[in-house]
Amino acid sequence: MTEAVEAIADRFHPRERITAIRALGSGNVNETFLVTHDGNAQGGAFVLQRLNTTVFERPDLVMRNLVALGDHVQRRLASPPPELSGRRWEVPTVVRCREDAHWVEQDGQFWRSITYIGAATTSDVIRDRSQAREVGYGLGMFHSLISDLPAEHLADTLENFHVTPAYLKHFDSVARPACPEGSLLAQAIAFVDGRRGGIDVLEAALERGELRHRPIHGDPKINNVMMDEASGKAVGLIDLDTVKPGLVHYDIGDCLRSCCNPVGEEETNLDAVHFDLGLCEAILDGYLTVARGFLSRWDLHYLPDCIRLIPLELGLRFLTDHLEGDVYFRTNRADHNLHRAAVQFRLTASIEAQMDAIRALVRKLGADIGNGH
Ligand code: GN1
Ligand code: MG
């Protein structure tokens, strides 16, 4: 590990007691490390992260949200909901640096530390339906525990995050190079152009008052749900920088687009990409065991739309970043973002082909939801 990272870690924990620092996870935005140490009563480990301040322009507000969220959930866990009985639930919280500040700013970089959830793991692709059900439960529990955190207690740290029409507007403002007909780029652009109508479906529903903002996670993809190593049960959601007010639909769509493509979002063989309806059913079923109580009929009505919209949106975000020269998502090869976009568009097409079945599934699972709302 570089001397620079060691020096930062030392601001949080005395260097001589640190036993190892290694890269952690596969995030596309921040840089994350696991620091292990001995020499204090708990021993253990913490997560050290360099926040991408090009993406998060107000890291101080990200930290404020993290503290507000942590405090709120700790209060809720003092009398845990019945669905949590027999389970553990963990919330990553801010670890202050040795000078007692919430973060360290050095050489124009923003570093912070959060607690590490032990005896739990994440995976990049889903194994089976029982794991899918747990992922759904995890998202439902997360939503349930923050459902009474007043949205105005959370700052909007990423303006227009998951507002699909805003991403389309941005895409339209970016120069498009001439590209050979039939090329991957030409196909990707044509895919977006063919789907402009209805791209505002969720925002229009919000505007009409059919949907409303609540606190959301913002990025509940499969590898942000931690599973207990022994029991395989969901124990918490990590990567809380995108927690802010939004539509729960963004989260549900994001979770499903990430989990129901069994080959994962980095797949290079496009023909292997598809949306697995069985996994979708397991996730929604797990989600609804907890979320049933706070969803309305309108929430339910727009679920099929968000399942289609969020992969389309992510594809559009990857494609725009490709056209802009990879300024947002971290890449490790030329055309990486273009391939990522192509994966999301294949997934969108697979969802579109199964739309009737998805609507029927949502109707079946939500038959008794929101009566009286
Ligand atoms: C980014 O950095 P990471 O991997 O946690 C992105 C998400 C995307 C995801 C796709 C702040 O998340 O919105 O869904 O990549 N996060 C941000 O892998 O833009
Ligand atoms: Mg993230």
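To be clear, the structure that these remarks concern was listed above.
Residues numbered from 1 in each chain as written. Chains lettered and ligands numbered in written order. Predicted model: local features only at pLDDT ≥ 70, side-chain atom pairs only at ≥ 80, totals over all residues. Heavy atoms only, no water.

## Topic: the site of ligand 1
Lining the immediate environment of ligand 1, one finds 16 residues, of which N28, K221, E265, R317 and Y328 sit closest. With respect to ligand 1, the side chain of N28 contributes an N or O atom lying 2.8 Å from an oxygen atom. Here an oxygen atom of ligand 1 and a side-chain polar atom of R317 are 2.7 Å apart. Considered on its own, ligand 1 offers 440 Å² of accessible surface; in the complex 96% of this is hidden by protein. For the shell around ligand 1, the element with the most residues is helix α10 (residues 303-324), which contributes 3 residues. Residues that form the shell around ligand 1 fall into these classes: 7 nonpolar, 3 polar and 6 charged. (Near = heavy atom within 4 Å. Polar contact = N/O pair within 3.5 Å; in protein donor to acceptor, adjacent residues only side chain to side chain. Areas by Shrake-Rupley, 256 points an atom, 1.4 Å probe, with all protein chains shown as cover. Helix = DSSP H or I, 4+ residues; strand = E, 2+ residues; numbered from the N terminus. Nonpolar A, V, L, I, M, F, W, Y, C, P; charged D, E, K, R; others polar.)

## A closer look at the sheet that holds strand β10 (residues 234-237)
The strands making up a sheet associate through backbone hydrogen bonding, with each pair oriented either parallel or antiparallel. The 3 strands are arranged β7-β9-β10 in an open sheet whose pairing can be described as antiparallel. Here the strands that pair on one side only, and so sit at the sheet edges, are β7 (120-121) and β10. Strand direction decides the pairing type here: β7 and strand β9 (residues 225-228), joined by 2 bridges, are antiparallel. Bridge pairing links A120 to D228 in β9. Strand contacts of helix α3 (residues 129-146): β9 and β10, with the helix running at about 50 degrees to β10, the strand carrying the most contacts. (Pairing = 2+ DSSP bridges. Contact = heavy atoms within 4.5 Å. Axes fitted to C-alpha atoms, helices over the stretch in contact; angles between N-to-C directions.)

## A short note on unusual backbone geometry
The backbone phi angle of A119 is positive, close to 55 degrees, even though this residue is not glycine. Of note in the backbone geometry, N160 takes a positive phi value of approximately 65 degrees without being a glycine. Turning to its location among the elements, N160 is positioned in the loop between α3 and α4 (164-173). Taking relative accessible area as the criterion, N160 reaches 37% and is therefore assigned partly exposed. (Buried < 20%, exposed > 50% of the residue type's maximum accessible area, 1.4 Å probe, protein only.)

## Details of the side chain of T164
In this fold, T164 is placed in helix α4. Overall, T164 belongs to the buried group, its relative accessible area being 1%. In this structure, T164 is in contact with I199, L309, E313 and L316, ignoring residues within four places of it in sequence.

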